[in-house]
Amino acid sequence: MKSKKVFLSTVVVIIVCVQAMADVSVPSVIGDNMVLQQQAAVPVWGQADPGEKISVKASWSLFSEKTTADNEGNWMVKVKTPKFGGPYTVTIKGKNTIKLKNVLVGEVWVCSGQSNMEMRLNSVLNNENEIANANRPDIRLFTVPKIFAESPQKDCNGVWSECSPGTAETFSAAAYFFGREINEQLGIPVGLIHTSWGGTPAEAWTSKTALENHPDLAYLLEGLKDNADAEKIEKKYINDLDEWHKGLNASDAGIDSAWEKVDTDESEWQEMVLPTTWESAGHEGFDGIVWFRKQVTIPAGWMGKDMVLELGPIDDMDTTWFNGTETGQKNESGFWAVPRLYKVPASAVKPGENNITVRVIDTGGDGGIYGRQDQLKIYPASNPEEAISLAGKWKYRIGSDLKGLAPMPRTPATRKNQYSPTMLYNGMLTPVIPYGIRGAIWYQGESNAGRAYQYRTLFPVMINCWRQAWGQGDFPFYFTQIAPYNYGTEPVCPELQEAQTMTLSLVNTGMAVTTDIGNAADIHPRNKQFVGKRLALWALAKDYGQNIVYSGPIYKSMQTEGNKIRIRFDHTGSGLMALGGIPQHFIIAGSDKQFEPAIAKIEGDSLVVYSETVENPVAVRYAWDNIATGNLYNLEMLPASPFRTDDWPGVTFGKK
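Anyway, here's the lowdown on the structure attached to this text. (Residues numbered from 1 in each chain as written. Predicted model: local features only at pLDDT ≥ 70, side-chain atom pairs only at ≥ 80, totals over all residues. Heavy atoms only, no water.)

## Thoughts on the nonpolar core
Which entries qualify depends on this criterion: Throughout this description, the term nonpolar core refers to a set of buried Ala, Val, Leu, Ile, Met, Phe, Trp, Tyr and Cys residues connected via side-chain atoms within 4.5 Å. Working definition: with a 1.4 Å probe on protein chains only, accessible area under 20% of the residue-type maximum means buried, over 50% means exposed, and in between means partly exposed. What counts as a helix is a DSSP run of H or I of at least four residues, what counts as a strand is a run of E of at least two, and both are numbered from the N terminus. By the convention used here, residues are in contact when the closest approach between their heavy atoms is within 4.5 Å.
In this structure, Trp-75, Ile-92, Ile-193, Tyr-435, Trp-466 and Phe-477 are the most contacted members of the largest nonpolar core, which totals 75 residues. A total of 10 residues in this core trace back to one element, the largest contributor, which is helix α10 (residues 452-470). Residues within four places of Tyr-435 in sequence aside, it is in contact with Val-29, Ile-30, Met-34, Val-35, Leu-36, Trp-45, Val-108, Trp-160, Ile-193, Trp-470 and Gln-472. Within the second largest apolar cluster, 38 residues are counted, among which are Leu-192, Leu-537, Trp-538 and Ala-541.

In structure tokens form, the structure reads like this:
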């Protein structure tokens, strides 16, 4: 009897395995609620048994598209789509049947980049009203989950959903506002495929082939090569990092005096209003350790409940305690843009006053708890709506200055993560290639600002890499120019903005300028409405035939006229204007390369720039500063891009 049961069980297992192998399947980007690109031959693809015959029939058509799975089980057909409309069904038949429902035909855009593309709708200006008005079922949303991979992935765990307050709330705000504008202006369904990861560089979104085929970029792949000593290198790094932290701790007065304790004497502590960088609060140029403390009154009704402590992003590392109990830490570099979210166990909470202590380590550039006010809060894990804000006055005290200490060990190139070249192209882009799209929008560049000259090459290579992989020709690629931000004393921001502007020489590209909506103290500007709309202007004009002004002034040429320089622009629209009356943030120099503040006057569609102290000018620069907002626009209220007329080597020249 026992042997019979084993035999029957084996038969059942074999039958199940055979059925599983026989099932025709499609990647998650092909699913219920999707939008297919209108009036195109869109790819529909998947897996099946080798040699299995597959048919795909859309409800708008009388005919089926047929194919046979290849020797590896891969199959693909091209389905011709009609003019926008729906909902439709798409039926895929092999040895089994898949019926995809609630499918729309319209316009599909890929939306990618780093944290400013990732930034959710619930974090932007006027977010409550925007979320409440996000009931737009003709817009469909698909988010690719975060994953990095050493080889191209075929699928991801994304799901298409109708746009509603519930689904839009956590979706990319820039992508949503872009799609909303397209949908409202054209009355056409819009599909948005969102794939982004905060803090990541452009090379992470570029294929291995594209990088290795370019002589100036191939070196980026060195860290990906198999290294027989990788394990030894990793162990040495961990040991060196541990030794570095030991040395740092030995220099930290807060460690010696246990400032994380609830009863710590705060009589010598100062106050700082958070969130902010400590450079903005009077400690410019300081790198080291600062301890922060805050008392928070916990309601009696929260007793016995686990809580969530949110601190927003911290630059760069932290250890956090609640009533002396450590709740979390990030003690490796590279997490400066990552919001902190720590669980506070119910056992650590007491009625009334409770203490939060955060030890922050910064090794270069800005430092501190610097996000948005709404990111500083604490709430019961079961009820985020009851959140108590932690923004405002905190006590702080400097624990240690890094001057005189050895530099922090660098993360070895053998360690692969989301910042490594090719890793996000493989993990977060290839799963949606070659889905039929109209084009792509992009918001990234901050993480490459220190290598702005290299970005002149890298960014176009990345765009061409995407276009080649998709096989849809030179599809539209519209990007957001990074906003002003205090990157430090060297003007890396305008050099990256310049690299982005230079990319406009690539066919079918466009750039949304954001100099007027940045925040020098926040690398994540909250006005994503303008970002989405300005990106949409390019699409509406270039791809959908609307006769509109779609760009602000872009520097075109200069001409010397005695002691003055005349500047001409493309995209002046109905004419030039300066917000406030007088153009600002202009500087001028002679052949000695010494720039002086300049006077700029609008004359028709050109600008005359001069200075009484520069008799023979040769160069003009506009908004050539990390935090310059600029006030030059066209009459359609689209801002001018920062520019310079010279090509003198900048601060990022040669940086790798």
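Next comes the rest of the account.
## Section: the packing of α10 against helix α11 (residues 492-502)
Cut-off, in case you're wondering: For helices, the fitted line uses only the C-alpha atoms of the stretch in contact; every axis is such a line through C-alpha atoms, and the angle between N-to-C directions lies from 0 to 180 degrees. For classification purposes, an angle smaller than 35 degrees is called roughly parallel, one larger than 145 roughly antiparallel, one from 65 to 115 roughly perpendicular, and anything else oblique. Throughout, a crossing is termed right-handed when the near helix is turned clockwise from the far one, and left-handed when it is turned anticlockwise from it by less than a right angle. Here the nonpolar group is Ala, Val, Leu, Ile, Met, Phe, Trp, Tyr, Cys and Pro; Asp, Glu, Lys and Arg are the charged ones; every other residue, Gly included, is treated as polar.
At a minimum axis distance of 8 Å, the contact between α10 and α11 shows a crossing angle of 20°. Of the possible angle classes, the one that applies to α10 and α11 is roughly parallel. Handedness of the α10/α11 crossing: right-handed. Here α10 contributes Ala-452, Tyr-453, Tyr-455 and Arg-456 to the contact with α11, which in turn contributes Val-492, Glu-495, Leu-496, Glu-498, Ala-499, Gln-500 and Met-502. Residues of the contact of α10 with α11, tallied by class, amount to 7 nonpolar, 1 polar and 3 charged.

## Thoughts on the pairing of strand β17 (residues 352-362)
Keep this limit in mind: Here, any two strands with at least 2 DSSP bridges between them count as paired.
Taking burial as the measure, the 11 residues of β17 include 9 buried ones, the bulk of the element. Here strand β14 (residues 317-322) runs beside β17; their pairing, made up of 6 bridges, is antiparallel. Within β17, the residue paired with Thr-319 across the bridge is Arg-359.

## So, the side chain of His-524
Threshold: Polar contacts, as used here, are pairs of N or O atoms within 3.5 Å; protein pairs need one atom able to donate a hydrogen and one able to accept it. Residues neighboring in sequence count only if both atoms are side-chain atoms.
Structurally, His-524 can be placed in the loop between β24 (509-512) and α12 (528-542). At 2.7 Å, the side chain of His-524 forms a polar contact with the side chain of Ser-115. When sequence neighbours within four positions are dropped, the list of residues in contact with His-524 reads Ser-115, Asn-116, Met-119 and Tyr-370.

## Thoughts on the packing of aromatic side chains
Using the following cut-off: Each pair of aromatic rings taken from Phe, Tyr and Trp, with Trp reduced to its six-membered ring, is defined by centres within 6.5 Å and is described as stacked if the planes are under 30 degrees apart, edge-to-face if over 60, and tilted in the remaining cases. Either the NZ atom of lysine or the CZ atom of arginine qualifies as a charge over a ring when it sits within 6 Å of the ring centre and within 35 degrees of the ring normal.
Tallied over the full model, the rule gives 32 aromatic pairs. Taken together, a centroid distance of 5.4 Å and an interplanar angle of 45° make the contact between Phe-142 and Trp-160 tilted. Here Trp-160 lies in the loop between β8 (136-143) and β9 (161-163) and Phe-142 lies in strand β8, a separation of 18 residues in the sequence. Residues Phe-142 and Trp-160 agree in their burial class; the two are buried. Aromatic side chains Phe-459 and Phe-477 sit 6.0 Å apart centroid to centroid with 70° between the ring planes, which places their arrangement in the edge-to-face category. Linking Phe-459 in helix α10 with Phe-477 in strand β23 (residues 477-480), this pair joins segments that are 18 residues apart in sequence. Among the aromatic residues, those joined into a cluster by ring pairs are Trp-205, Trp-442, Tyr-455, Phe-459, Trp-466, Trp-470, Phe-475, Phe-477 and Phe-479. Seen from the ring of Tyr-453, Arg-456 lies directly overhead, with NZ or CZ sitting 4.0 Å from the centre.

## A few points about the sheet that holds strand β31 (residues 606-610)
Strand order in the open sheet formed by 4 strands is β25-β26-β31-β30, and the pairing between neighbours is antiparallel. Each of the sheet's edge strands pairs with one partner strand only, and the pair in question is β25 (554-561) and β30 (599-603). Each neighbouring strand pair of the sheet contributes to a mean axis angle of 25°, computed without reference to strand direction. Across 5 bridges, strand β26 (residues 564-570) lies against β31 in antiparallel orientation. The residue bridging Ile-565 from the neighbouring strand is Val-609, located in β31.

## Structural notes on the sheet that holds strand β29 (residues 596-597)
Across the sheet, 4 strands lie side by side as β29-β28-β32-β34; this open sheet has antiparallel pairing. The strands lining the two open edges of the sheet, one partner per strand, are β29 and β34 (643-644). Pairing between strand β32 (residues 619-622) and β34: 2 bridges, direction antiparallel. Residue pairing across strands places Arg-621 opposite Arg-644, the latter belonging to β34.

## Some thoughts on the side chain of Asn-355
Along the polypeptide, Asn-355 turns up in strand β17. On the accessibility criterion, Asn-355 (0% relative accessible area) is buried. In terms of polar contacts, Asn-355 uses its side chain to reach the side chain of Gln-295, at 2.7 Å. Separated by 2.7 Å, the side chains of Asn-355 and Thr-357 make a polar contact. Every residue in contact with Asn-355, bar those within four places of it in the chain, is listed here: Glu-260, Glu-266, Arg-293, Lys-294, Gln-295, Trp-321, Phe-322 and Asn-323.

## Remarks on the pattern of salt bridges
For clarity, the cut-off: Every case where a carboxyl oxygen of Asp or Glu lies within 4 Å of a side-chain nitrogen of Lys or Arg is listed as a salt bridge.
Under the criterion given, the structure shown has 25 salt bridges. When the shortest N-O distance is used, the salt bridge between Asp-570 and Lys-556 registers 4.0 Å. One end of the pair, Asp-570, is in strand β26; the other, Lys-556, is in strand β25, with 14 residues separating them in the sequence. Under the relative-accessibility criterion, Asp-570 is labelled partly exposed at 33%. In this structure, Arg-621 and Asp-646 form a salt bridge, with 2.8 Å as the shortest nitrogen-oxygen distance. Residue Arg-621 is found in strand β32, and its partner Asp-646 is found in the segment after β34; the two are separated by 25 residues along the sequence. Through salt bridges with shared partners, a single network forms among Arg-456, Glu-498, Arg-621, Arg-644 and Asp-646.

## Observations regarding α11
Judged by how many residues are buried, α11 sits mostly within the fold: 10 of 11 residues are covered. Among the residues of α11, Val-492, Cys-493, Pro-494, Glu-495, Leu-496, Gln-497, Glu-498, Ala-499, Gln-500 and Thr-501 are the ones counted as buried. Considering only its buried residues, α11 is in contact with α10, β23, β24, β25 and β34.

## Regarding the environment of Asn-122
Secondary-structure assignment places Asn-122 in the loop between α2 (115-118) and α3 (127-132). When its relative accessible area of 22% is taken as the criterion, Asn-122 is described as partly exposed. In this structure the C-alpha to C-alpha distance between Asn-122 and Asn-448, which are 326 residues apart in sequence, comes to 27 Å. Residues contacting Asn-122, with those up to four places away along its chain left out, are Asn-127, Ile-131, Glu-169, Thr-170 and Asp-374.

## Observations concerning the packing of helix α5 (residues 173-186) against α12
The contact between α5 and α12 brings their axes to 7 Å, and the two run at 50°. When the axes of α5 and α12 are compared, the pair comes out oblique. Crossing angle aside, the handedness with which α5 passes α12 is right-handed. Packed against α5, whose contacting residues are Ala-173, Ala-174, Phe-177, Phe-178, Glu-181, Ile-182, Gln-185 and Leu-186, the element α12 presents Lys-528, Gln-529, Val-531, Gly-532, Lys-533, Leu-535, Ala-536, Ala-539 and Leu-540 at the interface. Class assignment of the residues belonging to the contact of α5 with α12 gives a composition of 11 nonpolar, 3 polar and 3 charged.

## Quick look at the pairing of strand β15 (residues 325-330)
Sheet analysis places β14 next to β15, joined by 5 bridges and oriented antiparallel. When the bridges of β15 are listed, Trp-321 appears paired with Glu-326. What sits between β14 and β15 in their antiparallel hairpin is a turn of 2 residues, with Asn-323 showing a positive phi close to 50°.

## Focus on unusual backbone geometry
Here the residue pair Gly-86 and Pro-87 is connected by a cis peptide bond, since its omega of 5° sits within 30 degrees of zero. Mapped onto the fold, Pro-87 is located in strand β6 (residues 85-93). Look at the link from Ile-433 to Pro-434: it is a cis peptide, with omega at 10°. Mapped onto the secondary structure, Pro-434 falls in the loop between α9 (423-429) and β22 (439-443). Unusually for a residue other than glycine, His-585 sits at a positive phi of about 65°. Tracing the chain through its elements places His-585 in the loop between β27 (576-578) and β28 (586-589). For His-585, a relative accessible area of 40% gives the class partly exposed.

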